[in-house]
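Inside the fold
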Amino acid sequence: MKVILLQDVKGKGKKGQMVEVSDGYARNYMLPRKIAVEATTDNVNTMRMTDKANAEKRQKEREEAFAISQRLKEVTVTVKAKGGGAGRLFGSVTTQEIADALKKQENITIDKRKIVLDEQIKTVGLYTVKCKLGYEITAELKLKIEEL
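Residues numbered from 1 in each chain as written. Predicted model: local features only at pLDDT ≥ 70, side-chain atom pairs only at ≥ 80, totals over all residues. Heavy atoms only, no water.

1. Side note on the overall build of the protein
Threshold: The way it works is that DSSP assigns letters per residue, a run of H or I at least four long becomes a helix, a run of E at least two long becomes a strand, and they are numbered from the N terminus. Burial classification: accessible surface area is computed with a 1.4 Å probe over protein chains only, and a residue below 20% of its type maximum counts as buried, one above 50% as exposed, and the rest as partly exposed. Contacts are residue-level and defined by heavy atoms, with any inter-residue pair within 4.5 Å sufficient. Here the Shrake-Rupley method, with its probe set to 1.4 Å, supplies the accessible areas, and only the displayed protein chains count as covering residues.
For the protein, the helix and strand inventory stands at three helices and 10 strands. In sequence order, the protein lays out its α and β elements as β-β-α-β-α-β-β-β-α-β-β-β-β. For the protein, the spread of C-alpha atoms along the principal axes amounts to about 75 × 25 × 20 Å. Within the protein, buried positions represent 28% of all 148 residues. Taking the intrachain contacts of the protein between residues at least 6 apart in sequence as the baseline, contacts between residues at least 24 apart amount to 51%. Summed over all atoms, the accessible surface of the protein reaches about 10,100 Å², with 49% contributed by carbon and sulfur.

Have a look at this one:
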């Protein structure tokens, strides 16, 4: 019997795939537990429409990530942090502070988890920070740290 999986099934396939399973396995296990639905023409058409919509969504997100990466190349973000003199900061600059400054100064929203710091920023100066925007697109952000 052909079924469309509603969730990942170990050894059978991933969510959204159409797979061939034995009649008893489908009727007695998968269908009652709502792990899969029977592959009727309506369900197959729904699956194809969903796949098409998901592909368009991924393409749009990829284009947005590429556009953001192009904007980040031209931007220098200034972050002000409390310092103790001689170029040293109290604590360090966090990815949340960088994301907030980027949103405030350039109106670019990036999740703090997508900003990668190689080491903690504890001194005043210029830094280059990597931003992983998804879909294997990364951008480098120029960061200027100033003391309050």
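2. Regarding the layout of surface pockets
Over the atoms a probe the size of a water molecule is rolled, and this reveals where empty space is left. Put simply, the rule reads: Cavities and pockets are found on a 1 Å grid laid over the protein atoms alone: a cavity is a set of points where a 1.4 Å probe fits but cannot escape, a pocket is an open set with protein on both sides within 12 Å along at least five of seven lines, and a lining residue has an atom within 4 Å of such a point. Grid points are joined across faces, edges and corners, and a volume is the space filled by probe spheres set on the points. Only Asp, Glu, Lys and Arg are considered charged in this grouping, and only Ala, Val, Leu, Ile, Met, Phe, Trp, Tyr, Cys and Pro are considered nonpolar; every other residue, Gly among them, is considered polar.
Here the largest pocket defines a volume of roughly 280 Å³. Secondary structure elements with two or more residues in the lining of the largest pocket: strand 1 (2-5) and helix 2 (41-73). Considering every element that reaches the lining of the largest pocket, the biggest residue donor is helix 2, with seven residues. By residue class, the composition of the lining of the largest pocket is five nonpolar, five polar and three charged.

3. Looking at unusual backbone geometry
Despite not being glycine, K34 shows a phi value in the positive range, around 55°. Along the chain, K34 turns up in the loop between helix 1 (23-30) and strand 3 (36-38). One non-glycine residue, E136, adopts positive backbone phi at about 60°. Note on placement: E136 falls in the loop between strand 9 (125-134) and strand 10 (137-147). Take E136: its relative accessible area is 82%, and that puts it in the exposed class.

4. Structural notes on the pairing of strand 6 (residues 88-93)
Note the threshold: Two strands qualify as a pair provided DSSP detects at least 2 bridges between them.
Judged from the two bridges that link them, strand 5 (residues 83-85) and strand 6 form a sheet pairing that is antiparallel. Within strand 6, the residue paired with G83 across the bridge is L89. Summarising the sheet, strand 6 and strand 8 (residues 121-123) pair through two bridges and their orientation is antiparallel. Directly across from V93, in strand 8, lies its bridge partner I121.

5. Some details on the sheet that holds strand 1
As a general point, the strands of a sheet are linked pairwise by backbone hydrogen bonds and lie either parallel or antiparallel. We count it as follows: Note on method: axes are straight lines fitted to C-alpha atoms, helices fitted across the in-contact stretch only, with angles between N-to-C directions ranging 0 to 180 degrees.
Taken in spatial order, the three strands of this open sheet run 2-1-3, and their pairing is antiparallel. Of all the strands in the sheet, just strand 2 (18-20) and strand 3 have a single pairing partner and so form its edges. Geometrically, the sheet is characterised by an average inter-axis angle of 40° between neighbouring strands, direction not taken into account. Alignment of strand 1 against strand 3, held across three bridges, turns out to be antiparallel. In the sheet register, V3 faces strand 3, and the bridge partner there is E38.

Treat this as a map of the structure, not an account of what it does.
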